[in-house]
Amino acid sequence: MTVMLDPEIANIGKTSFIHEPRGGDPGKLTLTKAQGTYVWDDKGRKYLDFTSQAWSNNLGANDPRVIEAAIAQTRELTHARPNFNTPALLELTALLRSITPGDLNRIGYCLHGSSAVEMAMKLAFRNRPDAKHILVLQDAYHGRSITTMAASWPHPKNPFSAISPTFHRVPHPDEYRPRMGMSIEQEVELCLSLMEDTITRGVDGGVAAIMVEPIMGNGGHIVHPKSYHQGLRDICDRHGILLIWDEIQSGFGRTGAMFAADHYGIQPDIMTFGKGVGGGFPLAGIFASDKLDEFQGGEDQLTFGHFPISMAAAVACVKAIIADDLCTNARRLGDFATQRLGEMSERRKLIGHIRGPGLFVSCELVKDRVTKEPAMRAASEVYRRGIGKGVIFGESRYLGLGNLIKVKPPLDCSIEDMSTALDVFDTILGELEAEGIA
Ligand SMILES: Cc1ncc(COP(=O)(O)O)c(C=O)c1O
């Protein structure tokens, strides 16, 4: 669908957006329509969206079941203060309780992942009121509010640090880039012991929680072995500390299980969710253990903390993820993708490492497989040329980890569309090799 935009409107981004340099982002597309794995721009061009937007359309874009539910809810009631119940709130809560792991039966809602992470940290302090700290991992990403930014990787020149809280960032194991040539088992042992040292000797005042992404997303798609997560669970139990898993990116089928917690068979005390839950509508929140005390009074009240349209959309979305068995599809398609990438890596030396699980797929591009020097220019060329060839790949841009290409379409993507996108990736890698770009 070509949309004729008034030229003045079409160019307004060059001077208006506070999130962009003056002059605008020259590569920025204006999207006009989305359906399933596809998006269209204002020139009528169609793209395969292998980012699911913000890794958030786990169910393909504009699924009719979600759209109909949102429209029906919009006709009845759009806004309700958290002091009231609505059928959408109650139905969603019952549905989510039926799929959460273990005793994570208490639910809190908000609209953004960053707010959900803040809610999780507040609940940890509400339950450990004498503690002073939350420990996080180096390379973590937990959001972009002032607090969650401080809990994420060190921003090169964080201009907001004047009012940022202090978080202790603890090292974590990385199978692809191990310290001093250690095996992954040695790295796990070292990092667990550093975590325990930090708790006992590294901070003044107690630790309320350890907060981790079970599979690190924006910090480089780092997958930790089960032994590491089990070790963190054991440390928390030994020291009476709460374990928070930030599942905002890994939840709702992305890893091939409903939650990464199911994948690992480990239960945190608090789990955040967001992104894929709302079928494209904004929704996030936390699941908390029955053992925890709830907030008191207005400790965590937000105007749109109860947003019936998103909740009705989420009921339809989660039911569709279950009915269409998208966890199985994510595993099947993810296995297909990692296998194809593996075959490609025999010919394409730029591919340094391929990661999963499910449709949490990515590969690191490197200049040299021995030194593992990141091929950042190659990665940004894959992104740029991909758009030219009709595929939007994910690219990691932060923290000097800009060499990761992410293959994260909606979970209901077809094998044919996956094949097409991987063929385009293969072609681009061939072009880059021929041109000597790394
Ligand atoms: C693991 C994780 N936590 C928190 C967030 C922040 O979510 P939001 O952008 O909705 O605030 C993100 C977003 O990418 C995320 O991946």
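Residues numbered from 1 in each chain as written. Predicted model: local features only at pLDDT ≥ 70, side-chain atom pairs only at ≥ 80, totals over all residues. Heavy atoms only, no water.

1. Some thoughts on the overall build of the protein
Then comes step 1: Summing up its helical and strand segments, the protein has 14 helices and 17 strands in all.
Then comes step 2: On C-alpha atoms alone, the protein measures out to a radius of gyration of 22 Å, which is about the 22 Å that the 2.2 N^0.38 rule sets for 438 residues.
Then comes step 3: Overall, the C-alpha framework of the protein stretches about 60 × 60 × 45 Å when taken along its three principal axes.
Then comes step 4: Out of the 438 residues in the protein, the part that is buried amounts to 53%. (Helix = DSSP H or I, 4+ residues; strand = E, 2+ residues; numbered from the N terminus. Rg over C-alpha atoms; globule rule 2.2 N^0.38 Å. Buried < 20%, exposed > 50% of the residue type's maximum accessible area, 1.4 Å probe, protein only.)

2. Here's the deal with the sheet that holds strand β12 (residues 284–288)
Then comes step 1: If you trace the 7 strands from one edge of the open sheet to the other, you get β4-β12-β11-β10-β7-β5-β6, paired in mixed fashion. Single-partner strands in this sheet number two, and they are β4 (106–110) and β6 (168–170). Across the sheet, the mean angle separating the axes of adjacent strands is 25 degrees when strand polarity is ignored.
Then comes step 2: Where strand β7 (residues 206–212) and strand β10 (residues 242–246) come together, 4 bridges link them in parallel fashion. Counterpart to methionine 211 in the pairing with β10 is isoleucine 244.
Then comes step 3: Lying over the sheet, helix α5 (residues 87–97) contacts β4, β11 (270–273) and β12, oriented at roughly 130 degrees with respect to β4.
Then comes step 4: Each of β5 (131–137), β7 and β10 touches helix α9 (residues 226–239); the most contacted strand, β10, lies at about 145 degrees to it. (Pairing = 2+ DSSP bridges. Axes fitted to C-alpha atoms, helices over the stretch in contact; angles between N-to-C directions. Contact = heavy atoms within 4.5 Å.)

3. Concerning the site of the ligand
Then comes step 1: Near the ligand you find His112, Gly113, Ser114, Tyr141, His142, Gly143, Glu213, Asn218, Asp246, Ile248, Gln249 and Lys275, and these make up its full shell.
Then comes step 2: A distance of 3.3 Å separates an oxygen atom of the ligand from a polar side-chain atom of asparagine 218.
Then comes step 3: Calculation on the ligand without its partners gives an accessible area of 390 Å², and the protein chains cover 84% of this total.
Then comes step 4: Its residues assigned to classes, the shell around the ligand shows 2 nonpolar, 7 polar and 3 charged. (Near = heavy atom within 4 Å. Polar contact = N/O pair within 3.5 Å; in protein donor to acceptor, adjacent residues only side chain to side chain. Areas by Shrake-Rupley, 256 points an atom, 1.4 Å probe, with all protein chains shown as cover. Nonpolar A, V, L, I, M, F, W, Y, C, P; charged D, E, K, R; others polar.)

4. So, the environment of isoleucine 222
Then comes step 1: Tracing the backbone shows isoleucine 222 in strand β9 (residues 222–223).
Then comes step 2: Residues isoleucine 222 and glycine 265, spaced 43 residues apart in sequence, show a C-alpha to C-alpha distance of 18 Å.
Then comes step 3: When neighbours within four sequence positions are excluded, isoleucine 222 is seen to be in contact with His172, Pro173, Asp174, Ile215 and Met216.

5. A word on the domain arrangement of the protein
Then comes step 1: As far as domains go, the protein holds domain 1 (64–323) and domain 2 (326–359 + 386–406 + 425–438).
Then comes step 2: Placing the centre of domain 1 and that of domain 2 at their C-alpha centroids yields a distance of 27 Å.
Then comes step 3: Listed by partner, the interface residues are 20 residues for domain 1 and 17 residues for domain 2.
Then comes step 4: Counting the surface lost from both domain 1 and domain 2, the interface buries some 1600 Å², and carbon and sulfur atoms represent 62% of this.
Then comes step 5: It is Tyr176, His221 and Gly256 in domain 1 that bury the most area against domain 2; as a group they hold 30% of the surface buried on that side.
Then comes step 6: Between the two partners, domain 1 and domain 2, sit 0 salt bridges.
Then comes step 7: Taken together, the residues of the side of domain 1 that touches domain 2 break down into 8 nonpolar, 9 polar and 3 charged. (Domains from an automatic or database assignment. Buried area = accessible area lost by both parts, 1.4 Å probe. Salt bridge = Lys/Arg side-chain N within 4 Å of Asp/Glu carboxyl O.)

6. A closer look at the packing of aromatic side chains
Then comes step 1: One pass over the full model with this rule turns up 10 aromatic pairs.
Then comes step 2: A ring pair is formed by tyrosine 109 and phenylalanine 273, whose centres lie 6.3 Å apart and whose planes are at 85 degrees; its orientation type is edge-to-face. Here the residue tyrosine 109 occupies a position in strand β4, and phenylalanine 273 occupies one in strand β11, the gap between them amounting to 164 residues.
Then comes step 3: For tyrosine 109, a relative accessible area of 11% translates into the label buried.
Then comes step 4: Look at phenylalanine 393 and phenylalanine 425: their rings are 5.7 Å apart centre to centre, the planes differ by 55 degrees, and that puts the pair in the tilted class. Of this pair, phenylalanine 393 sits in the loop between β15 (391–392) and β16 (394–395) while phenylalanine 425 sits in helix α14 (residues 415–435), and the two are 32 residues apart along the sequence.
Then comes step 5: Phenylalanine 425 gets classed as buried once you look at its relative accessible area, which sits at 1%.
Then comes step 6: Three or more aromatic residues joined by ring pairs make a cluster, and in this case those are Tyr109, Phe252, Phe259, Phe273 and Phe287.
Then comes step 7: Note that lysine 46 overlies the ring of tyrosine 38, its terminal NZ or CZ placed 4.2 Å from the centroid. (Phe/Tyr/Trp six-rings, centres within 6.5 Å; stacked < 30°, edge-to-face > 60°. Lys NZ or Arg CZ within 6 Å of the ring centre and 35° of its normal.)

7. A look at the environment of glutamate 433
Then comes step 1: Tracing the backbone through its elements, the reader meets glutamate 433 in helix α14.
Then comes step 2: By relative accessible area, glutamate 433 is classed as partly exposed at 32%.
Then comes step 3: Sequence-wise, glutamate 433 and leucine 243 are 190 residues apart; in three dimensions their C-alpha atoms are separated by 45 Å.
Then comes step 4: Only 3.1 Å separates the side chain of glutamate 433 from the backbone nitrogen of lysine 349, close enough to count as a polar contact.

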